[in-house]
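Residue strings, one per chain:
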Amino acid sequence: MNAAQWIEKADKYIMKTYGRYPLVPVRGEGCRLWDADGMEYLDFLAGVAVNNLGHCHPRVVAALQAQAAEMIHCSNYYHIPNQIALAELLCTHSFADKAFFCNSGAEANEAAIKLARKYSREKYGDPERYEIITALASFHGRTMATVSATGQEKVQKFFDPLLHGFSYVPFNDAEALAAAVSPRTCAVMFEPIQGEGGVVVPSVDYFRKVREICDRHGLLLIFDEVQVGMGRTGKLFAYEHFDVTPDIMTLAKALAGGAPIGAMLAKDDIAASFTPGTHGSTFGGNPLVTAAGIASIRALLEDGLLNRAEEMGEYLLGELERLQEKYAIITDVRGIGLMIGMELSVPAGDIVVKGLERGVLLNVAQDKVLRFVPPLVVTKQEVNEMIAVLDGILEEMK
Ligand SMILES: *Cc1c(COP(=O)(O)O)cnc(C)c1O
């Protein structure tokens, strides 16, 4: 079937939860995609920061193929070697001591919310200690608890009553956080860099102050690294840029090279609150996805992709700044590593449509911010190719 035929069928059978572009990708390699009509595209969205290793990374493909023939699924009633090995890799490369596996970012945050509530109530012997403070313009997922945690009305609209026990503060404002803490507060949950919020990078000392506030009041600091983790910022985890250590961290998106997975990591004393029967997931950390997770982390670390993300991030940022000098509608260019935003004075949706027509996949967050999250394996040549297309589009908009 060609792309138009697939789209016609999608109209008939798929719920319209997404505003989809008229593109039907069927094959990928590195930073390139091909659609059902055989058209080639340069991918600067990478499945929304999922394909950090590019499409079909050979190490991930090999791990999935080998594991699929060995064992695909097995119950969490039993011990799963790949899950244990992936937990070891994550813990030895982070602040954390223990991992819990699930299937998505939202589920990882659900697990963090449940753990924070149980731990805090038990530790302080106070059943009223359940509130979690999150940031305005944050994004934590689409399940009821994570919609409640997400500080954006457009995500919450139509679905109330929301889960009780969340309050919201402006991001990058330590005083607002200090003022919002109450005896009910048990934790704060932030993205180290807001992704859906428009690539918002906080000031260098913000999280140091957040950590101090948490320590002063006995609050858990939860970092949602679902989007910014796994090498995207040039470090394995984004918190490493801010000279702070969280108590709990959530991961998903790029963790298994495109296989659906989520993880929630914590220090030992906190993790101990999750006793048998308190939380679980049928598929969470199954042999197949954790094989892909192990292969992905090894590729990130052994193929020098953290340095590459930093280098290519600097290069891309520089090229975007060059465009900023040329076009007045570009008001800001910002980011760390390959997590980069370009803010415009006008809505950026048209640019994404024009990019698609010219074979480049771009993305917009918060209406006016183009978000660049290409695979970390992106080359200078590919950056140049994207910049040339973007330059052409901006020129036409003048
Ligand atoms: C994508 C994302 C989520 C939700 O992940 P899903 O896998 O879609 O449930 C949560 N937090 C952040 C920061 C995200 O970017």
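Residues numbered from 1 in each chain as written. Predicted model: local features only at pLDDT ≥ 70, side-chain atom pairs only at ≥ 80, totals over all residues. Heavy atoms only, no water.

1. Overview of the overall build of the protein
For the protein, the helix and strand inventory stands at 14 helices and 15 strands. Against the compact-globule benchmark of 21 Å for 398 residues, the protein has a radius of gyration of 21 Å, which places it among compact chains. If one aligns the C-alpha atoms of the protein with their principal axes, the spans along those axes are about 60 × 50 × 45 Å. Counting every position in the protein, which comprises 398 residues, the buried fraction comes to 54%. For the protein, restricting intrachain contacts to residue pairs at least 6 apart in sequence, the fraction spanning at least 24 positions comes to 71%. For the protein, the accessible area works out to roughly 17,700 Å², and carbon and sulfur atoms hold 54% of it. The distance from the centre of the 37 positive side-chain charges to the centre of the 50 negative ones in the protein is 3 Å. (Helix = DSSP H or I, 4+ residues; strand = E, 2+ residues; numbered from the N terminus. Rg over C-alpha atoms; globule rule 2.2 N^0.38 Å. Buried < 20%, exposed > 50% of the residue type's maximum accessible area, 1.4 Å probe, protein only. Contact = heavy atoms within 4.5 Å. Areas by Shrake-Rupley, 256 points an atom, 1.4 Å probe, with all protein chains shown as cover. Lys, Arg positive; Asp, Glu negative; His and termini not counted. Charge placed at Lys NZ, Arg CZ, Asp CG, Glu CD.)

2. Comments concerning the site of the ligand
Taken together, the neighbourhood of the ligand is formed by S104, G105, A106, N109, F139, H140, G141, E191, D224, V226, Q227 and K253. Within the contact set of the ligand, a nitrogen atom lies 2.7 Å away from a side-chain nitrogen or oxygen of D224. Per element, the largest residue contribution to the shell around the ligand is three residues, and it comes from helix α5 (residues 105–124). Broken down by class, the residue content of the shell around the ligand amounts to three nonpolar, six polar and three charged. (Near = heavy atom within 4 Å. Polar contact = N/O pair within 3.5 Å; in protein donor to acceptor, adjacent residues only side chain to side chain. Nonpolar A, V, L, I, M, F, W, Y, C, P; charged D, E, K, R; others polar.)

3. Section: the nonpolar core
Core analysis: the biggest nonpolar cluster contains 94 residues, and F190, F372 and L390 have the highest contact counts within it. A domain split of this core shows at least three residues from each of domain 1 (3–56 + 304–397) and domain 2 (71–302). With sequence-adjacent residues up to four places away left out, L390 is seen in contact with L320, L323, M342, I351, L362, L370 and F372. Membership of the second largest hydrophobic core comes to 24 residues, among which are A111, A112, Y119 and M189. (Core = buried A, V, L, I, M, F, W, Y, C linked by side-chain atoms within 4.5 Å. Domains from an automatic or database assignment.)

4. Overview of the pattern of salt bridges
Under the criterion given, the structure shown has 20 salt bridges. Residue D215 is joined to R211 by a salt bridge in which the shortest nitrogen-to-oxygen separation is 2.9 Å. Remark: R211 and D215 occur in helix α9 (residues 206–217); sequence separation between them is four residues, near one turn of the helix. Accessibility expressed as a relative area gives 51% for D215, which makes it exposed. Among the residues examined, R211 registers a relative accessible area of 14% and is labelled buried. One connected set of salt bridges, linked through shared partners, spans R32, E40, E382 and E385. (Salt bridge = Lys/Arg side-chain N within 4 Å of Asp/Glu carboxyl O.)

5. Some points on the packing of aromatic side chains
Applying the stated rule across the entire model yields twelve aromatic pairs. Centroid distance F100 to F274: 6.4 Å. Interplanar angle 70°. Geometry classified as edge-to-face. Here F274 lies in the loop between α10 (268–271) and α11 (287–302) and F100 lies in strand β4 (residues 98–102), a separation of 174 residues in the sequence. Ring geometry for F207 against F242: centres 5.2 Å apart, planes inclined by 75°, an arrangement best described as edge-to-face. Of this pair, F207 sits in helix α9 while F242 sits in the loop between β8 (220–224) and β9 (248–251), placing them 35 residues apart in sequence. F242 sits in the buried class, given a relative accessible area of 5%. Following the ring pairs from residue to residue traces out a cluster consisting of F171, F190, Y206, F207, F223 and F242. Residue placement shows R27 over the ring face of W34; its charged tip is 4.3 Å from the ring centre. Over the face of the ring belonging to Y315 we find K380, whose NZ or CZ atom lies 4.9 Å from the ring centre. (Phe/Tyr/Trp six-rings, centres within 6.5 Å; stacked < 30°, edge-to-face > 60°. Lys NZ or Arg CZ within 6 Å of the ring centre and 35° of its normal.)

6. Some details on the packing of helix α3 (residues 58–70) against α11
Relative to each other, α3 and α11 sit at 155°, their axes nearing to 8 Å. Accordingly, the angle class assigned to the pair α3 and α11 is roughly antiparallel. In this structure, the crossing between α3 and α11 has a hand that is right-handed. Residues R59, V60, A63, L64, Q67 and A68 of α3 form the contact with α11, whose own contacting residues are P287, L288, A291, A292, A295, S296, R298, A299 and E302. Its residues placed into classes, the contact of α3 with α11 shows ten nonpolar, two polar and three charged. (Axes fitted to C-alpha atoms, helices over the stretch in contact; angles between N-to-C directions. Parallel < 35°, antiparallel > 145°, perpendicular 65-115°, else oblique. Left-handed = near helix turned anticlockwise from the far one by under 90°.)

7. Focus: the domain arrangement of the protein
What the domain assignment lists for the protein is domain 1 (3–56 + 304–397) and domain 2 (71–302). Contact with domain 1, which involves 27 residues of that partner, is made by 31 residues of domain 2. Interface area lost by domain 1 to domain 2 is led by L306, I336 and M339, which between them contribute 31%. Here domain 1 is connected to domain 2 by one salt bridge. For E196, the salt bridge is made with R371, and the minimal N-O distance between the two is 2.9 Å. Counting across the domain 1 and domain 2 interface gives twelve residue pairs in polar contact (both at pLDDT 80 or more). (Buried area = accessible area lost by both parts, 1.4 Å probe.)

8. Notes on the state of the cysteines
By the definition in use, this model includes zero disulfides. Between C74, a free cysteine, and C102, which holds the nearest cysteine sulfur, the sulfur-to-sulfur gap is 17 Å. For C74, a relative accessible area of 14% translates into the label buried. Its sulfur unpaired, C214 is 11 Å from the next cysteine sulfur, which belongs to C186. (Disulfide = S-S within 2.5 Å.)

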